[in-house]
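# Topology and contacts: notes
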Amino acid sequence: MSTLTVRSERGVLFVTIDAPPMNLLGPELVRDLVSLIEAAEPDDTVQVLVFKSGDPDYFISHVDVTRIREYRAEAAKLTGEASIGLLFRYLSASRLVTIAQIEGRVRAAGSEFVLACDMRFAARESAILGQFEPAFGQLPGGGAAQHLTRLMGRGRALEVMLGAEDFDAELAERYGWINRALPADALDDFVSSLAYRIAAFPAAGHTVVKDRVNAIALAPVEDFRRDSDLFGEGVGTPAAQRRIGAALDRGFQTRDGEMDWARALDDLSDY
């Protein structure tokens, strides 16, 4: 796999995301995620996946808007449907226990990826979360509306999506976006210890608990499919394409341009 590095220890796969220049969710990363899931699910020696980033500034930034059809095609190889939202939901429903260890920026589909994970822990000093698709006139297509509303409640979910602001780890924790914000120097030990502890317990317990929790908290496949379809329809409209073009001109999908992307969105107000 060209974008993921995997280390196995005591029933846990530690998966490091490394997709330069800024961990965009493009076809290569989606392809490797599909391969990882396909290999891990039938392997009884694997109980937990821990996702982290090799880039201190970006966990997963968002989708590559110049390659939407390509990454959707890669997602379809697992789910049978060209949808990132359905790929992420597949991960949520998997028998595997998934933990996101967040340092750096995680926005839009990056946020939707960590929301699809079973647990999220973030570095207090560096983690930044955002759900900015409505600033382009779009509904998030990977499940954000489903997850955030259930986690935060209606008012906070609307604030997050319609405001398109960046949230630091402490505020994200207060809103329920993540499980905990921890000091960066304590994050790795905490997540590793939790992952090893979970992996040491019977797999049957993981499966039945996830199944019953998902029955309460995970939206039906049809809701994810509808959000994905709405995103796909909206992103191709002339208005959306104008805003995306203007954003690309202003540094969208560049490391420097997205360091403070919530403020850069203000420059798109005329589009």
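Located above this text is the structure these notes cover.
In short, a report on the structure. (Residues numbered from 1 in each chain as written. Predicted model: local features only at pLDDT ≥ 70, side-chain atom pairs only at ≥ 80, totals over all residues. Heavy atoms only, no water.)

Across the sheet, which stays open at both edges, the four strands sit in the order 4-6-8-9 with mixed pairing between neighbours. Taken across any chain shown, the strands that pair with only one partner, and hence form the sheet edges, are strand 4 (58-60) and strand 9 (166-168). Pairs of neighbouring strands in the sheet enclose a mean axial angle of 25°, with direction left out of account. Relative to strand 6 (residues 105-107), strand 4 is paired through two bridges, and the arrangement is parallel. (Pairing = 2+ DSSP bridges. Helix = DSSP H or I, 4+ residues; strand = E, 2+ residues; numbered from the N terminus. Axes fitted to C-alpha atoms, helices over the stretch in contact; angles between N-to-C directions.)

Our next topic: the sheet that holds strand 5 (residues 97-102). Strand order in the open sheet made by the six strands is 1-2-3-5-7-10, with mixed pairing throughout. With partners counted over all chains shown, the strands left at the sheet margins are strand 1 (4-9) and strand 10 (180-182), one partner each. Here the average twist between neighbouring strands, direction ignored, is 20°. Where strand 2 (residues 12-17) meets strand 3 (residues 48-53), six bridges bridge the pair, whose relative direction is parallel. Directly across from V15, in strand 3, lies its bridge partner F51.

Structural measurements only, silent on function.
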